[in-house]
Amino acid sequence: MTDRPASKPAWPEALVGAGVLALAGVAVAETALAPASPLYAKVGPEAFPYGVGAALAVLGAMLLAQGLRGGWRDPAIEAEIGRPRLVPFLWVAAGLLVNAALIAWLGFILASTALFVCIARGFGSRQILRDFSWGLGLALLAYLGFAKLLAIRLGDGLIERFL
C-alpha cells in the first residue's frame, strides 16, 4: 500500500488508530458514569452510547492494525489527487458557521437551507436555486419529522411559527 516495507509500522497512522481507541474508551467510561435511569424498557438510554463506543473500538482497532502493518496511505494516489483545495473547504466551513449563527434567529429550516447551499457549493454545484430548493425541502422534512413525529422542538424561526 505504501512505499515502506510492509513490516515497518506507519506511526502517524497507528497513532490515529490509538486515538480512536482512546475515544472509544472515553465514550464507554462516560456512559458507565452517567446516572442510570429507572428501567422502564429492556433497552435503556445508555444503549446508544455503548453502541457508539463499541463501533469506535472496532474502528480504532482496525485503524491501529492497518497503521502497524504499514499504513493506509498510497503515495501514488496522493500524487494523482494533488494538493488539497482550500476554497471548497472554506465553503463547507462557512456553511457550518452560518448555520450556527443563524439558527437561533432565522430558525432551523432556513439555517439548514443555508448550510445545504454552502455545502453544495463546496462540492462544486453552481445551481444556487436548485440547491436552495432541495435544502429547503430536506430541512422542512427534517423539521416536520422531529417536531411532529418525535415531538422534539427545534426552535421557533420564521417558517417554524407557521407550521
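Refer to the preceding data block for the structure.
Rules behind the numbers
Residues numbered from 1 in each chain as written. Predicted model: local features only at pLDDT ≥ 70, side-chain atom pairs only at ≥ 80, totals over all residues. Heavy atoms only, no water. Salt bridge = Lys/Arg side-chain N within 4 Å of Asp/Glu carboxyl O. Buried < 20%, exposed > 50% of the residue type's maximum accessible area, 1.4 Å probe, protein only. Helix = DSSP H or I, 4+ residues; strand = E, 2+ residues; numbered from the N terminus. Polar contact = N/O pair within 3.5 Å; in protein donor to acceptor, adjacent residues only side chain to side chain. Contact = heavy atoms within 4.5 Å. Axes fitted to C-alpha atoms, helices over the stretch in contact; angles between N-to-C directions. Parallel < 35°, antiparallel > 145°, perpendicular 65-115°, else oblique. Left-handed = near helix turned anticlockwise from the far one by under 90°. Nonpolar A, V, L, I, M, F, W, Y, C, P; charged D, E, K, R; others polar.

### Description of the pattern of salt bridges
- Inspection of every chain in the model, using the stated rule, returns 2 salt bridges.
- Residues D131 and R130 are paired through a salt bridge, measuring 3.3 Å at the closest nitrogen-oxygen approach.
- Note on R130: relative accessible area 41%, which makes it partly exposed.
- A salt bridge links R153 to D156; the nearest nitrogen and oxygen atoms lie 2.8 Å apart.
- We classify R153 as exposed; its relative accessible area is 64%.

### Quick word on the side chain of T31
- Here T31 lies in helix α1 (residues 11-33).
- Only 2.7 Å separates the side chain of T31 from the backbone oxygen of A27, close enough to count as a polar contact.
- Among all residues touching T31, those that are not within four sequence positions of it are E46, P49 and Y50.

### Remarks on unusual backbone geometry
- For A151, which is not glycine, the phi dihedral falls at a positive 55°.
- Here A151 shows up in the segment after α6 (128-149).

### Brief notes about the packing of helix α5 (residues 108-122) against α6
- Viewed as axis vectors pointing N to C, α5 and α6 meet at an angle of 135°, and their least axial separation amounts to 8 Å. In terms of axis orientation, α5 runs oblique to α6. The hand of the α5/α6 crossing is right-handed. Judged by residue contacts, F108, I109, S112, T113, F116, V117 and A120 of α5 engage I128, D131, F132, W134, G135, L136, L138, A139, L140, A142 and Y143 from α6.
- Of the residues contributing to the contact of α5 with α6, the split by class is 14 nonpolar, 3 polar and 1 charged.

### Side note on the environment of F48
- Take F48: it is sitting in helix α2 (residues 47-68).
- Judged by relative accessible area, which is 66%, F48 ranks as exposed.
- Sequence separation between F48 and L106 is 58 residues; the distance between their C-alpha atoms is 31 Å.

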